[in-house]
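Commentary on secondary and tertiary structure
This is what each chain is made of:
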Amino acid sequence: MYTTELKDKNQAPQSAAVVEDPARLEAFEARVAADDFIEPKDWMPEAYRKTLVRQISQHAHSEIVGMLPEGNWITRAPNLRRKAILLAKVQDEGGHGLYLYAAAETLGTSREEMIDALHSGRAKYSTIFNYPTLTWADIGAIGWLVDGAAIMNQVPLQRTSYGPYARAMVRICKEESFHQRQGYEIMTALAAGTDAQKRMAQDALNRWWWPSIMMFGPPDENSPNTAQSIRWRIKRETNDELRQKFIDVTVPQAEAIGLTVPDPDLTWNEARGSYDYGAIDWDEFYAVVRGEGPVAKERMQARVKAWEEGAWVREAAAAHAAKHQAREAAE
Ligand code: BYC
């Protein structure tokens, strides 16, 4: 039920579909339909659990890998204020990853299993983080567009049906809205600056626009998971609905600071009360999902290196915790 045509060839084959007890399934579906939160110890169908582990772990990986493109600019931020803000933002993303790994762990999968799936290329993370950050304006564009797209996607997830995921999202959304504003503020300053700064801001918008609107995932007719996830209230809105909302709020923001969205087909549709937009290059999207993004290899090498070099920290933390436990037990 939850296989997709995008399944990686390295991925383990899906186990045979589990036959669920119809009475339990019915009771579960009634709870979801009544907008009850499902909690870790509650009974849930195996397919629901798997879908959640897939989505939450991919989400966690995206937060952690997402630290890399911005982390590259911490040492090159143009002044102390910008550096302090960027440091705090990148640290927030690490925190988001941790809340999400913890939420996924409540479904019976270990942090080690999830990290191993990421490092061995079996797990996905957001396509957006496979593009390079070439100039300081890219840091503005990421905050404005990437965090902006993330908020659009994540606000409905605060009401997702699985309690620990929903609660993690409440906190994450608060921080993401600060991230979006700091990115837009960088773009506003650059767009009002010298000609060279304005060109830099426009160039960043040109490169990040299309990848940002791809973040919402494939169009609804090619989204194998959406229908079931909407039924289980894991997803509250479809990929295309969220993409449209993002475009509708972001285009006026670009106009307000004198930048041009790089889509010649963008037109306001009075009847729909929304923007019509040009064709998205889905071949590019699927290539990036397959791991062929411009800096995909560098991203995973950096992640694995950070994990290996951080082994001593994890070991020291575990030894410290064990010592504390032993002392408490003795007392
Ligand atoms: N990239 O049936 P669909 C952040 C995959 S980070 C890669 O529509 P679904 C931030 C999809 O996984 C925020 N893969 O799937 C951090 C599926 O493959 P599998 C990241 C993608 O799950 C640092 C297949 O395509 N946000 O904010 O119903 C700095 C078919 O898709 C992508 C989240 O992770 C993609 N863009 O819907 C700054 C939000 N899109 O798994 C910022 C949580 C699709 O079947 N996730 N695929 O092999 C979601 O809301 C949903 O999982 C998605 C996809 C909307 C992304």
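Whatever comes next refers back to the structure up there.
Residues numbered from 1 in each chain as written. Predicted model: local features only at pLDDT ≥ 70, side-chain atom pairs only at ≥ 80, totals over all residues. Heavy atoms only, no water.

1. Structural notes on the overall build of the protein chain
- What the protein chain contains, in helices and strands, is 13 helices and two strands.
- Against the 2.2 N^0.38 benchmark of 20 Å for 331 residues, the protein chain shows a C-alpha radius of gyration of 21 Å, consistent with a compact globule.
- Projected onto the principal axes, the alpha-carbon positions of the protein chain cover approximately 65 × 55 × 35 Å.
- For the protein chain, buried positions account for 47% of its 331 residues.
- Accessible surface computed for the protein chain: about 16500 Å², of which carbon and sulfur atoms make up 56%.
- Both charge centroids of the protein chain, one from 39 positive and one from 47 negative side chains, sit 4 Å from each other. (Helix = DSSP H or I, 4+ residues; strand = E, 2+ residues; numbered from the N terminus. Rg over C-alpha atoms; globule rule 2.2 N^0.38 Å. Buried < 20%, exposed > 50% of the residue type's maximum accessible area, 1.4 Å probe, protein only. Areas by Shrake-Rupley, 256 points an atom, 1.4 Å probe, with all protein chains shown as cover. Lys, Arg positive; Asp, Glu negative; His and termini not counted. Charge placed at Lys NZ, Arg CZ, Asp CG, Glu CD.)

2. Concerning the packing of aromatic side chains
- Applying the stated criterion to the full structure yields 11 aromatic pairs.
- Residues Phe28 and Trp43 carry aromatic rings whose centres are separated by 6.2 Å and whose planes lie at 80 degrees to one another, so their mutual orientation is edge-to-face. Of the two residues, Phe28 is situated in helix H1 (residues 22-33) and Trp43 in the loop between H1 and helix H2 (46-65); the sequence distance between them amounts to 15 residues.
- Judged by relative accessible area, Phe28 falls into the buried class, the value being 3%.
- Among the aromatic residues, ring-to-ring pairing joins Phe28, Trp43, Tyr48 and Trp232 into one connected group.
- Just above the ring of Trp73 sits the side chain of Arg76; from NZ or CZ to the centre is 4.0 Å.
- For Arg314, the ring lying beneath its charged end belongs to Trp307, and the centroid distance is 3.5 Å. (Phe/Tyr/Trp six-rings, centres within 6.5 Å; stacked < 30°, edge-to-face > 60°. Lys NZ or Arg CZ within 6 Å of the ring centre and 35° of its normal.)

3. Quick look at the site of the ligand
- The local shell around the ligand holds 37 residues, among which Gln58, Lys124, Ser223, Lys235 and Asn239 are the closest.
- Between the ligand and Pro224 there is a distance of 3.3 Å, counted from an oxygen atom to a backbone nitrogen or oxygen.
- Asn225 is positioned such that a nitrogen or oxygen atom in its backbone is 2.9 Å from an oxygen atom of the ligand.
- Counting only elements with at least two residues in the shell around the ligand, the list comes to H2, helix H4 (80-105), helix H6 (136-154), helix H7 (163-191) and helix H11 (282-292).
- If one sorts the elements of the shell around the ligand by residue count, H2 sits on top with six residues.
- In the shell around the ligand, the residues fall into 13 nonpolar, 14 polar and 10 charged. (Near = heavy atom within 4 Å. Polar contact = N/O pair within 3.5 Å; in protein donor to acceptor, adjacent residues only side chain to side chain. Nonpolar A, V, L, I, M, F, W, Y, C, P; charged D, E, K, R; others polar.)

4. A word on the side chain of Glu70
- Summarising the element assignment, Glu70 is placed in helix H3 (residues 67-71).
- Given a relative accessible area of 1%, Glu70 falls into the buried group.

5. A short note on the pattern of salt bridges
- As enumerated under the stated definition, the model contains 21 salt bridges in all.
- As a salt-bridge pair, Asp36 and Arg31 come within 3.2 Å of each other at their nearest N and O atoms.
- Under the relative-accessibility criterion, Asp36 is labelled partly exposed at 34%.
- Of the charged contacts in the structure, one is a salt bridge between Asp116 and Arg122, with a shortest N-O distance of 2.8 Å.
- We classify Asp116 as partly exposed; its relative accessible area is 43%.
- Because the salt bridges share partners, they merge into one network encompassing Glu70, Lys89, Glu93 and Asp147. (Salt bridge = Lys/Arg side-chain N within 4 Å of Asp/Glu carboxyl O.)

6. Here's the deal with the nonpolar core
- Ranked by internal contacts, the top residues of the largest apolar core, which has 79 residues, are Tyr48, Ile56, Tyr162, Trp208, Trp209 and Phe246.
- Here this core takes 10 residues from H6, the largest share from any one element.
- Beyond its immediate sequence surroundings of up to four residues, Tyr48 is in contact with Phe28, Ile38, Ser161, Tyr162, Trp232 and Ile234. (Core = buried A, V, L, I, M, F, W, Y, C linked by side-chain atoms within 4.5 Å. Contact = heavy atoms within 4.5 Å.)

7. So, the side chain of Ser57
- Following the sequence through the fold, Ser57 ends up in helix H2.
- If we skip the residues at most four places from it in the chain, Ser57 touches Leu52 and Met114.

8. Section: the packing of H6 against helix H10 (residues 239-256)
- Look at H6 against H10: their axes get within 10 Å of each other, and the N-to-C directions meet at 140 degrees. On the basis of their axis angle, the class for H6 and H10 is oblique. Of the two possible hands of crossing, H6 and H10 adopt the one that is right-handed. In contact with Trp144, Leu145, Gly148, Ala149, Met152 and Asn153 of H6, H10 contributes Leu242, Lys245, Phe246, Val249, Thr250, Gln253 and Ala254. (Axes fitted to C-alpha atoms, helices over the stretch in contact; angles between N-to-C directions. Parallel < 35°, antiparallel > 145°, perpendicular 65-115°, else oblique. Left-handed = near helix turned anticlockwise from the far one by under 90°.)

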